[in-house]
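Next come the chains, spelled out residue by residue.
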Amino acid sequence: MTKAAAKLDVLAISPHPDDAEIGCGGVLRKLAAQGARCGIVDLTAGEMSSGGDRETRQRECQAAAKVLQLAARECLGLPDCGLEDSYEYRLRVAAMIRRYRPAVVLGTYYDLPPGRGLGHNDHIKGGLLTAHGANYAHLAKLPVEGEPWHPAAVYFYFLPPDLTPTFVVDVSEYYEDWLKAIFCHESQFGTPAQNPQVRHFFESMAMRWGRWAGGQYAQAFYSPWPLSLRDVLSAAQVRMSEEPEHV
Ligand SMILES: [Zn+2]
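Here the residue index of a chain counts from 1 through its sequence in written order. Per-residue local features of the predicted model are confined to residues with pLDDT of at least 70, and side-chain atom pairs are confined, for both listing and counting, to 80 or more; whole-chain, interface and lining totals are unaffected and use all residues. The side-chain figures draw on all heavy atoms in the structure; neither hydrogens nor water molecules are used.

A. How the structure looks around the overall build of the protein. Per the convention used, a helix needs a DSSP run of H or I reaching at least four residues, while a strand needs a run of E reaching at least two, with both numbered from the N terminus. Looking only at helices and strands, the protein features eight helices and seven strands. Here the globule rule reads 2.2 Å times residues to the power 0.38, and the radius of gyration is calculated from C-alpha atoms. Here the protein has a C-alpha radius of gyration of 18 Å; the compact-globule value for 247 residues is 18 Å, and the two agree. Counting only C-alpha atoms and orienting by the principal axes, one finds that the protein spans roughly 50 × 45 × 40 Å. Classification of the 247 residues of the protein by burial places 49% in the buried group. Sequence-distant contacts, at least 24 apart, represent 81% of the contacts inside the protein between residues at least 6 apart. Summing over all exposed atoms, the protein offers an accessible surface of approximately 12,200 Å²; the carbon and sulfur share of this is 55%. Relative accessibility thresholds used throughout: buried, under 20% of the residue-type maximum; exposed, over 50%; partly exposed, between the two (1.4 Å probe, protein chains only). When checking whether two residues touch, look at their non-hydrogen atoms; a contact exists if any pair is within 4.5 Å. To be clear on the numbers: accessible area is Shrake-Rupley with a 1.4 Å probe, and residue cover counts the displayed protein chains and nothing else.

Shown next, in the form of structure tokens:
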């Protein structure tokens, strides 16, 4: 039976515990501060990671959820390092999306063009599962538990370095909470004091897009579908006030 779940505004789908924290944690924290109900669903428990066991990682997930003020966090229990964009797993993701009925779904970037280098299998397959699961969720005749639900938008995080994002979101105000949520996963990253280079890595990632967002730190997203701007002038104001250098 499908468990009832409170509706979410934004659902981030994370192949492993910590992916969503890294890729969109600052944005989730910002949205929570604006009153949005955000949640993370981990596709796997991260049980194949060299650091930490299943229980430790679960505790770390809950600690990070508190920092990000999430309304929901659960693990779907699919196999770590064994994600596939299969019919069975698409149905599992679709059923989960129907339970949470999110307006916006976030997933890991899914494409692997030649010459780009190999990403983690689960990040690629997890992104594909996010896209197809979100699509399946609204198809009434598919054998998916729950009422059909069509998220208004699906965006992707964890972009490869050479991919220009579709949009960036200023998270400067929530930068410290973003890092705190990442470092809740101590079994993966140690502490900021033990491992300052990890902190610098995430910091430089966020700084790269900060200027484009008109702030110091930002997170980047990709949309495979065109985005519609309700207010063209308001979207231009960030660029007019903080014109980044051409790159
Ligand atoms: Zn991962």
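B. Structural detail: the nonpolar core. Nonpolar core, defined: a set of buried Ala, Val, Leu, Ile, Met, Phe, Trp, Tyr and Cys residues in which side-chain atoms within 4.5 Å join the residues together. In terms of nonpolar packing, the biggest core is built from 34 residues, with C24, L28, L106, F202 and F221 touching the most fellow members. For this core, the secondary-structure elements that each account for two or more residues are β1 (10-14), α1 (19-33), β2 (38-44), α2 (54-67), β5 (153-157), α5 (175-183) and α7 (196-210). Per element, the largest residue contribution to this core is six residues, and it comes from α5. Setting aside its immediate chain neighbours within four residues, L106 contacts V10, L11, A12, I13, C24, L28, T130, Y155, Y157 and F221. Judged by nonpolar contacts, the second largest core, of 31 residues, contains L83, A95, L129 and Y222.

C. Representation of α1 within the structure. Expected helix span is computed as 1.5 Å times (number of residues minus one). Between its first and last C-alpha, α1 extends 21 Å over 15 residues, near the 21 Å set by a 1.5 Å rise per residue. The term bend refers to the angle at a residue between two fitted axes, each drawn through seven residues, those ending there and those starting there. Along α1, the sharpest change in direction is near 70° and occurs at G25. For α1, the full list of buried residues reads D19, A20, E21, I22, G23, C24, G25, G26, V27, L28, R29 and A32. Within two residues after α1, G35 carries a phi angle of roughly 100°, on the positive side.

D. View of the layout of surface pockets. By volume, the largest pocket is sized at about 1,400 Å³. Taken together, 43 residues line the largest pocket, and the ones lying closest to its centre are Y155, T166, F167, L227 and L229. At the level of secondary structure, the elements contributing two or more residues to the lining of the largest pocket comprise α1, β4 (104-108), α4 (121-136), β5, β6 (167-170), α7 and α8 (232-241). Estimates place the volume of the second largest pocket at around 740 Å³. Contributing to the lining of the second largest pocket are 28 residues, with F158, L159, P160, P161 and M205 lying nearest its centre. Looking at the lining of the second largest pocket, the elements with two or more residues in it are α1, α4, α7 and β7 (218-221). Ranked by residues supplied to the lining of the second largest pocket, first place goes to α7 with six residues. Grouping the constituent residues of the lining of the second largest pocket by class yields 18 nonpolar, seven polar and three charged. Using protein atoms alone on a 1 Å grid, points that fit a 1.4 Å probe yet trap it form a cavity, whereas open point sets bounded by protein on both sides within 12 Å along at least five of seven lines form a pocket; residues with an atom within 4 Å of a point count as lining. Grid points are joined across faces, edges and corners, and a volume is the space filled by probe spheres set on the points. Only Asp, Glu, Lys and Arg are considered charged in this grouping, and only Ala, Val, Leu, Ile, Met, Phe, Trp, Tyr, Cys and Pro are considered nonpolar; every other residue, Gly among them, is considered polar.

E. The environment of A6, seen in detail. On the secondary structure map, A6 appears in the segment before β1. Aside from chain neighbours lying at most four places away, what touches A6 is R37 and Y100.

F. Examining the pairing of β7 more closely. Side-chain alternation along β7 places A218 and A220 on one buried face and Q219 and F221 on a second face that is also buried. When β6 meets β7, the two strands line up antiparallel, connected through four bridges. Each bridged residue has a counterpart across the sheet, and for V168 the counterpart in β7 is A220. Paired strands, as defined in this entry, are two strands with at least two bridges between them according to DSSP.

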